[in-house]
Amino acid sequence: MPGLDPTIAIHNLAIKTGVKPVKQTQRWFRPELVPKIEKEVDKLLKADFIREVRYPSWIANIVPVMKKNGQIRVCVDFRDLNKACPKDDFSLPVTELMVDATTGHEALSFMDGSSGYNQIRMDPKDEEKTAFCMPKGIFYYKVMPFGLKNAGATYQRAMQRILDDFLHKFVECYVDDLVVKTISRGDHLKDLRVVFEHLQRHQLKMNPLNTTSMEDVFRWRYTKNGAGADIIFMSPNDDLMPYSILSHCCTNNEAENQAIILGWGMTIEMGLNRLEIFGNSALVIKQVIGDFEVRKDELVPYHKEAQRLLEKIPNVTLGHVPRAKSSRCIGRNRRKSSTIRCKA
């Protein structure tokens, strides 16, 4: 893979003057893990992402991480190298503003970069400093690996240069995640074509398996006294975009109702027609379904609004998720929460 044009961006470490290189003591792995690790390293060699080296000044260890599908992801422990590098103060976008910027658009397409950071090359003078050791040998990265300090800033700076003419018009970008947004659904293909042609011109590739149109996951978290709320948009590849709102003081059940109704209304505005709604309050879910009667006067207006919205989207599924599970999904937060999965 050719990767991003080096005239647009390369990643340099800018190691502080006088820092002594660190060679980590090699770690050993269980025999059954070694073939899996070597298989992943062979993939990196085949892709021309890494190269073998004999006398590096810096050496880091690998950290094999088990993925959900049972495969191994080979990460590198760059902690010592990262300590030697200054912080790049190039700021990342404010996710709350990005979410606001997509409101009112009829069509949204989400995509992320193929191989992510690996599309940006390392500065040749810094390549060997990314060396890592494993039973098969010692290798260094020719491309920017995950785990390096300032890698996100380098990628965001590159995307800013590539998409400068389109950002905040019909494109939003957070590092390697893109959203192409269109006010009128009929113009969406035209906008996508412009973006893809521009990315191709700069040799930046997107991952077709993680490119989705009009599909999002919404999670709402409410403080116990109802003083504020966080709305978290989760893309199909589990990227999070938090969005904060203010709310009047209310009870837990009112907060749960507000969460469902607010998210419901937003998804209707986006033109989605199939929803899966999950909440950690069994009472509220049962009341919306109609299994339980609404007896408290303060909850009646919420129930009527939910029934009104229910008529606008006929294909709706509601379910209960225990608070322990929903809390783990949103950072182990134990506040009131609801989840709404929306599909076109």
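Here we summarise the structure given alongside this text. (Residues numbered from 1 in each chain as written. Predicted model: local features only at pLDDT ≥ 70, side-chain atom pairs only at ≥ 80, totals over all residues. Heavy atoms only, no water.)

What follows deals with the overall build of the protein. For the protein, the count of helices and strands is nine helices and 17 strands. Among the 344 residues that make up the protein, the fraction classed as buried is 49%. Of the contacts formed within the protein by residues at least 6 apart in sequence, a portion of 74% connects residues at least 24 apart. Only carbon and sulfur atoms are counted for the fraction: they give 52% of the accessible area of the protein, which is about 17900 Å². (Helix = DSSP H or I, 4+ residues; strand = E, 2+ residues; numbered from the N terminus. Buried < 20%, exposed > 50% of the residue type's maximum accessible area, 1.4 Å probe, protein only. Contact = heavy atoms within 4.5 Å. Areas by Shrake-Rupley, 256 points an atom, 1.4 Å probe, with all protein chains shown as cover.)

For helix 3 (residues 95-102), every residue scored as buried is listed here: Thr 95, Met 98, Val 99 and Thr 102. For helix 3, the angular spread of the buried residues around the axis is 100°, confining them to a single face. Looking one or two places after helix 3, you find Gly 104, whose phi comes out positive at around 90°. (Arc of directions from axis to C-beta.)

In this section: the pattern of salt bridges. For the structure shown, the criterion picks out 14 salt bridges. The structure contains a network of salt bridges with shared partners spanning Arg 27, Asp 77 and Arg 79. (Salt bridge = Lys/Arg side-chain N within 4 Å of Asp/Glu carboxyl O.)

Counting across every chain of the model gives two cavities of 30 Å³ or more. By volume, the second largest cavity amounts to about 50 Å³. Every residue along the wall of the second largest cavity is listed here: Val 22, Gln 24, Trp 58, Ile 59, Ala 60, Asp 77, Phe 78, Asp 80, Leu 81, Lys 129 and Ala 131. (1 Å grid on protein atoms, 1.4 Å probe; cavity = no way out; pocket = protein on both sides within 12 Å on 5 of 7 lines; lining within 4 Å. Points joined across faces, edges and corners; volume = space filled by probe spheres on them.)

Before going further, it helps to examine the nonpolar core. Leu 163, Val 171 and Leu 178 are the most contacted members of the largest nonpolar core, which has 51 residues in total. Residues within four places of Leu 178 in sequence aside, it is in contact with Ser 109, Phe 110, Met 111, Met 159, Leu 163, Val 171, Glu 172, Cys 173, Leu 199 and Met 206. (Core = buried A, V, L, I, M, F, W, Y, C linked by side-chain atoms within 4.5 Å.)

For the rest of this paragraph, the subject is the pairing of strand 10 (residues 177-182). The buried count for strand 10 comes to six of six residues, which makes it a mostly enclosed element. Across the two faces of strand 10 the burial is the same, with Asp 177, Val 179 and Lys 181 and Leu 178, Val 180 and Thr 182 all buried. Note that strand 5 (residues 107-112) and strand 10 share six bridges and pair antiparallel. When the sheet's bridge partners are listed, Ala 107 is paired in strand 10 with Thr 182. Examined bridge by bridge, strand 9 (residues 171-174) and strand 10 share four bridges and lie antiparallel to one another. Across the sheet, residue Val 171 finds its bridge partner in strand 10, namely Val 180. The hairpin formed by strand 9 and strand 10 contains two residues between the paired strands, and Val 175 there has a positive phi angle of roughly 55°. (Pairing = 2+ DSSP bridges.)

Here five strands make up an open sheet; going across it, the order is 2-8-7-3-4 and the pairing mixed. The two strands at the open ends of the sheet, each matched to only one other strand, are strand 2 (50-52) and strand 4 (72-76). Strand-to-strand twist across the sheet, computed as the mean angle between neighbouring axes with direction ignored, equals 40°. Contacting strand 2, strand 3 (60-66), strand 4, strand 7 (132-134) and strand 8 (137-141), helix 1 (residues 34-46) crosses the sheet at an angle of about 70° to strand 4. (Axes fitted to C-alpha atoms, helices over the stretch in contact; angles between N-to-C directions.)

Let us now look at unusual backbone geometry. If you check the backbone angles, Asp 48 has positive phi at about 65° while not being a glycine. For Asp 48, a relative accessible area of 44% corresponds to the partly exposed category. With a phi close to 55°, Val 175 is a non-glycine residue in the positive phi region. Residue position: Val 175 is located in the loop between strand 9 and strand 10. Here Val 175 falls in the buried class, since its relative accessible area comes to 6%.

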